[in-house]
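# A structural walkthrough
Here are the chains, one letter per residue:
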Amino acid sequence: MTPLQRYLVVSTLLFGVGLAGALTRRNAILVLVGIELMLTAANLNFIAFWRYGPNPESAAGIVFTLFAIAVAAAETAVGLALIIKIYRHRRTTNLDQMDALKG
Amino acid sequence: MDPAAIIAALLALGGAVAAVSLRNLIHCALCLVLTFFSVAALFLGLGAEFVSFAQVMVYVGAIAILIVFASLMTRDPGTDPARAHEPRAIRPWPLGLGIAGAVTGVLLACVGSSRLLPDVATPATAPSVRELGQELMTRYVVALEVVGLLLTAAMIGAVVLAVREPRRPDQEVGR
Amino acid sequence: MAQTLDQLLVLAQQRLVALWPAPWQPWVAAFLGAAAIVATFGGLFALTTWLERKGLARIQNRLGPNRVGPYGLLQPIADGLKMLTKEDIVPRAADQWIHFLAPILKVVPVLLAYSVIPFGRHLVALDLEAGLLFFFAVGSATEIAVFMAGWGSRNKYSLLGAMRAIAQLISYEVPLVLSAVSVVLLAGTLSLPAIVDSQAGHGWAGLANWHVFTPWGLAGFVLFMIAATAKTSRSPFDLPEGESEIIAGHMVEYSGFKYALFYLGEYLSLFAISGVGITLFLGGWRAPVAWLDWVPSYLWFGIKLLGCIAVFIWLRGTMPRLRADQLMNFAWKFMLPMSLVTLVAAAVWHATATWTFAGAGLWRWVLGAALLLLPYRALSRGLTQRGRFGPRRYRFAD
């Protein structure tokens, strides 16, 4: 295996763990944790491809990862604010119980 | 991958598994911190210094703390006893694991079988911080501005969502 | 001669490293650097606890420690022995692992942060290109340690203290970083040794070209130091400890060596953040005037560091503790806008550097000062007139 492939395997496994978490956990915060893990895996992919890719002189991989980190921060902030808002309203963070469209 | 990178990768995966499988939310958040640190170490090993530090600063310093705060401010009382008897349409555990496993398997097969580029002789050297700044302010300046706008909007949105409206005195009197 | 004296520590390290076989040399060099940092700042920690107790005692018209050794100078050793021989108590309900890891996680990042600070000419353990970012990134790990201590102890006081501490640390991190960014803007680099180099030379009346001698630099330095006081949770921002209300906050369930580690971590982070403040605004290891250049660079750094520590002790002896709401209002409604204004002033200073007409220097000063003073006036009036900082009014909990 080339080094690139090794890093890709790591990031794939990380993505898989995040996906499993997002799909199986019922606590909204843990679903968000799973999503964060998937984003991190994607970032690892970007960096690995930048490092071992055909176009190493361009900083695109690094810049893309920086933007992804910023977007992840924004996403988490709004996501957690939504979860807290829903919790105040419904007294639950269990996703199975957030099934009513009517407030 | 040198031994340090392998250790970091194992720590990242172990932390990730713990973060999505432990019962205690706080433990999950702390394991997530471990994962973020290890991924930052992987970035460092790949020569992306700047991204690694930014990762620690944003993920550990901000996102993990946010998750911890949110877990402290919400308490999951478990399944509501009044709704416990309701049959659930699907059993989430096996299905979710199956889907995740299938996706991971397909991805792994792709990584293993695709004809990736041969190992490059000289891996990329990281651009200096100055070059990175130049790139951000010239080629990616629109994206940078949009991200700034997004972060501002997200901050205001989060505050508006999470703020508890103070009870006004006139309402107090009426009650 | 002066040159050799200046480079004494660097040369000593090179000599010692040369004694080892080549493959070991990087490791030996790293070890020597780390050992020197730990020894120096460990010693400074002991000295500072004594200085602080003496200084506070003088301010409060007391004598301070005076039993152990001459002038009580051996008091830190006695304190250390007492701490080490104390029983290490772990509450039964505590989360054993988290409770155990928290003090370690508090100290290790702080020690890491020292690796990028230039203590003298060529005297830096690790010249990272993104050194300043490294410093702030490492500093953000402290928040996790504080949370782990507070939550892992399974104690209401410690959890409350940890929540207060994290809220404070996050709020003051913003002005801290923003005021540092104005220096980065002018110096055009994130590497701390390069930032010191950007303050080389002497300007008007033989005064050094330090950033603190510019309008934005002065404002930035003051903001940085205020934020640093809050970030290291020292008085008047010591709400996280608040021994009279929440009995040492997140450290309440720690005793003996672990408590000493928290204490050590706090002082070490104080030195580190002062060191960065010195590097950013006070010219690092540079002499203030040209004819004092013969004094070794690390001595200048040491003098400035001791000066900062003296100011911190003075502040602690003078200011009463803030209330939680005052703390937050101050961070978000004063510090944050002012640090943004400082950033704008720094940008204007940078843009007007090309002015060449007669009296340009004076006009730059006037413009910079006006840019800072007007918003300062507006902000402070806005805050005081709406009763934010007025006399304390008691409200019962609703």
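Structure's up top.
A brief structural summary. (Residues numbered from 1 in each chain as written. Chains lettered and ligands numbered in written order. Predicted model: local features only at pLDDT ≥ 70, side-chain atom pairs only at ≥ 80, totals over all residues. Heavy atoms only, no water.)

The next point concerns the interface of chain B and chain C. How big an interface is tends to be reported as the loss of accessible area on association of its parts. The interface is formed by 22 residues belonging to chain B together with 25 residues belonging to chain C. Summed over both partners, the interface of chain B with chain C buries about 2000 Å², with 81% contributed by carbon and sulfur atoms. The largest per-residue losses of area from chain B upon contact with chain C belong to Phe53(B), Met57(B) and Ile65(B), which jointly make up 28% of the total buried on that side. At the surface where chain B touches chain C, the tally comes to zero salt bridges. Seen at the junction of chain B and chain C, the total is three residue pairs in polar contact (both at pLDDT 80 or more). (Contact = heavy atoms within 4.5 Å. Buried area = accessible area lost by both parts, 1.4 Å probe. Salt bridge = Lys/Arg side-chain N within 4 Å of Asp/Glu carboxyl O. Polar contact = N/O pair within 3.5 Å; in protein donor to acceptor, adjacent residues only side chain to side chain.)

Contacts between chain B and chain A engage 82 residues on the former and 71 residues on the latter. For the pair chain B and chain A, the two sides together bury roughly 7000 Å², of which 76% comes from carbon and sulfur. The tally of links between chain B and chain A comes to zero salt bridges. At the level of secondary structure, the elements contributing two or more residues to the side of chain B that touches chain A comprise helix 1 (3-21), helix 2 (25-45), helix 3 (49-73), helix 4 (92-113), helix 5 (129-137) and helix 6 (141-162) of chain B. In terms of residue class, the side of chain B that touches chain A is built from 59 nonpolar, 13 polar and 10 charged. (Helix = DSSP H or I, 4+ residues; strand = E, 2+ residues; numbered from the N terminus. Nonpolar A, V, L, I, M, F, W, Y, C, P; charged D, E, K, R; others polar.)

To continue, consider empty space enclosed by the protein. A probe as big as a water molecule, rolled over the atoms, marks out the empty space that is left. All names here are of chain C. Per the counting criterion, the structure on display carries two cavities of 30 Å³ or more. In this structure, the largest cavity spans a volume of roughly 280 Å³. If you go around the largest cavity, you meet 23 residues; those closest to its centre are Gly139, Thr142, Lys231, Thr232 and Ser269. Counting residues per element, the ones that place at least two in the lining of the largest cavity are helix 5 (96-113), helix 6 (131-139), helix 7 (141-152), helix 8 (156-187) and helix 12 (256-281). (1 Å grid on protein atoms, 1.4 Å probe; cavity = no way out; pocket = protein on both sides within 12 Å on 5 of 7 lines; lining within 4 Å. Points joined across faces, edges and corners; volume = space filled by probe spheres on them.)

With 35 residues, helix 3 (residues 25-59) of chain C ought to run about 51 Å at 1.5 Å a step, and its terminal C-alpha atoms sit 49 Å apart, in line with that. Two residues or fewer after helix 3 of chain C comes Asn61(C), characterised by a positive phi angle close to 60°. (Expected span 1.5 Å × (residues − 1).)

Counted according to the given criterion, the structure contains 25 aromatic pairs over all chains. Ring geometry for Phe36(B) versus Tyr59(B): centroids 4.4 Å apart, planes at 50°, classification tilted. In this pair, Phe36(B) is assigned in helix 2 and Tyr59(B) in helix 3, connecting sequence segments 23 residues apart. Using a relative accessible area of 0% as the deciding quantity, one classes Tyr59(B) as buried. These aromatic residues form a ring-pair network of at least three members: Phe41(C), Tyr114(C), Phe119(C), Phe271(C) and Phe301(C). In this structure, Arg51(A) is placed above the aromatic ring of Tyr52(A), and the distance from its NZ or CZ to the ring centre is 6.0 Å. (Phe/Tyr/Trp six-rings, centres within 6.5 Å; stacked < 30°, edge-to-face > 60°. Buried < 20%, exposed > 50% of the residue type's maximum accessible area, 1.4 Å probe, protein only. Lys NZ or Arg CZ within 6 Å of the ring centre and 35° of its normal.)

The highest contact count of any of the two pairs of chains in contact belongs to chains A and B. With no contact between them, chain A and chain C keep their nearest C-alpha atoms 14 Å apart.

In short, the description is geometric, and any link to function would need to be established separately.
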